[in-house]
Amino acid sequence: MKNKLVFAGVVLVLFMMGVAAGSVAYSAIYLASWVNRNILNEWLPYALVLFFAALTIITAYFTYRFIRQCRMLELPKLKESEILPMTIVVPALNEERTIVPCVESLLAADYPREKLEVIIAHEVPPRCTDSTPALAARLAEKYSIVKAVPNCDGHRGTKAGAINNCLKDASGAIVGIYDADNVVSPDALLRASAQFSRNEDLAC
């Protein structure tokens, strides 16, 4: 709310500055010599109309962007039936410090547990040199909606290979990829799901 008020205040100040600048310019020009005044009386009204029209268009544009941004900030309101099943793939290589907070942030997101699935697509030794595989297996044991899929096929050692290797295990209507060194905002999954629920033509 504070950011919205600040933005609205900035737009208002810019508009007032434009009006003030136009008024000052008009006053300064109008006090010019009598010869110039006759010329200005003929052309100045048109110039002022163009100036204020441009100022109005610019202000309207930023106001539109502001309103659109505010709507994007609002949490989408979806019916339970509109929330699509989602699979989040977390590719992981040497992520022992971050994999647990990452997965647990996904599980703590504002999303129905029965419609969420998390797949940890982790590398294996010798490519992986830390305890990421063990942590992934522990998370899979602890949470029923978490799977640990080792990247053991011909694409071993690549992020794309790890992701492709576990797509056959993904059951969600939406498949997302989330880096293991981040934690997700609680409403991020719901926002992403809403885009697909409200637009049947959206594929990616």
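Reading the values: the criteria
- Residues numbered from 1 in each chain as written.
- Predicted model: local features only at pLDDT ≥ 70, side-chain atom pairs only at ≥ 80, totals over all residues.
- Heavy atoms only, no water.
- Buried < 20%, exposed > 50% of the residue type's maximum accessible area, 1.4 Å probe, protein only.
- Helix = DSSP H or I, 4+ residues; strand = E, 2+ residues; numbered from the N terminus.
- Pairing = 2+ DSSP bridges.
- Axes fitted to C-alpha atoms, helices over the stretch in contact; angles between N-to-C directions.
- Contact = heavy atoms within 4.5 Å.
- Polar contact = N/O pair within 3.5 Å; in protein donor to acceptor, adjacent residues only side chain to side chain.
- Salt bridge = Lys/Arg side-chain N within 4 Å of Asp/Glu carboxyl O.
- 1 Å grid on protein atoms, 1.4 Å probe; cavity = no way out; pocket = protein on both sides within 12 Å on 5 of 7 lines; lining within 4 Å.
- Points joined across faces, edges and corners; volume = space filled by probe spheres on them.
- Nonpolar A, V, L, I, M, F, W, Y, C, P; charged D, E, K, R; others polar.
- Phe/Tyr/Trp six-rings, centres within 6.5 Å; stacked < 30°, edge-to-face > 60°.
- Lys, Arg positive; Asp, Glu negative; His and termini not counted.
- Core = buried A, V, L, I, M, F, W, Y, C linked by side-chain atoms within 4.5 Å.

(A) Up close: the pairing of strand β4 (residues 174-177). Here β4 shows a clear split, with Ile 174 and Gly 176 buried on one side and none of Val 175 and Ile 177 buried on the other. In the sheet, strand β1 (residues 86-92) pairs with β4 via four bridges, with the strands oriented parallel. Each residue of the ladder has a partner; that of Thr 87, found in β4, is Val 175.

(B) Representation of the sheet that holds β1. Overall, parallel pairing links the four strands, which are arranged β3-β2-β1-β4 in an open sheet. The outermost strands of the open sheet, each flanked by one partner alone, are β3 (146-150) and β4. Sheet twist, expressed as the average angle between the axes of neighbouring strands with direction ignored, equals 20°. Across the face of the sheet, helix α3 (residues 99-107) comes into contact with β1, β2 (116-122) and β3 while running at roughly 165° to β2.

(C) Region of interest: the environment of Tyr 178. Mapped onto the elements of the fold, Tyr 178 is located in the loop between β4 and α6 (188-197). Put simply, Tyr 178 and Ile 120 are 58 residues apart on the chain and 9.8 Å apart in space, counted from C-alpha to C-alpha. Apart from residues no more than four positions distant in its own chain, Tyr 178 is found in contact with Ile 88, Val 89, Val 90, Pro 91, Cys 102, Val 183 and Val 184. Here the side chain of Tyr 178 touches Val 184 through a polar contact of 3.3 Å, landing on its backbone nitrogen.

(D) Region of the structure containing the pattern of salt bridges. Under the criterion given, the structure shown has four salt bridges. Between Asp 179 and Lys 159 there is a salt bridge, and its shortest N-O distance comes to 2.9 Å. In this pair, Asp 179 sits in the loop between β4 and α6 while Lys 159 sits in helix α5 (residues 159-166), placing the two residues 20 residues apart along the sequence. The class of Asp 179 is partly exposed, set by a relative accessible area of 33%. Given the relative accessible area of 46%, Lys 159 is considered partly exposed. Among the salt bridges present, the one from Arg 191 reaches Asp 187, with a minimum N-O distance of 3.0 Å.

(E) Here's a closer look at the layout of surface pockets. The volume enclosed by the second largest pocket comes to roughly 160 Å³. In this structure, the second largest pocket is lined by Met 86, Ile 88, Ile 174, Val 175, Gly 176, Ile 177, Tyr 178, Val 184, Ala 188, Leu 189, Ala 192 and Phe 196. Taken together, the residues of the lining of the second largest pocket break down into eleven nonpolar, one polar and no charged.

(F) Expanded view of the packing of aromatic side chains. Under the criterion given, the structure shown has two aromatic pairs. Between the aromatic rings of Tyr 61 and Phe 62, the centroid separation amounts to 5.4 Å while the plane-to-plane angle is 75°, which identifies the pairing as edge-to-face. Judged by its relative accessible area of 43%, Tyr 61 falls in the partly exposed class.

(G) Quick look at the side chain of Lys 115. Its location among the elements puts Lys 115 in the loop between α3 and β2. Of the side chains with opposite charge, Glu 80 comes closest to the buried, unpaired Lys 115, at an N-O distance of 4.5 Å. The contact partners of Lys 115, leaving out residues within four places of it in the chain, are Glu 80, Ser 81, Ile 83, Leu 84, Pro 85 and Met 86.

(H) A look at the nonpolar core. Of all hydrophobic cores here, the largest spans 28 residues; its most connected members are Val 90, Ile 99, Val 103, Leu 106, Ile 120, Val 146 and Leu 189. Broken down by secondary-structure element, the contributors of at least two residues to this core are β1, α3, β2, α4 (132-142) and α6. Beyond its immediate stretch of four places on either side in the chain, Leu 189 contacts Met 86, Ile 88, Leu 106, Ala 109, Tyr 111, Leu 116 and Val 184.

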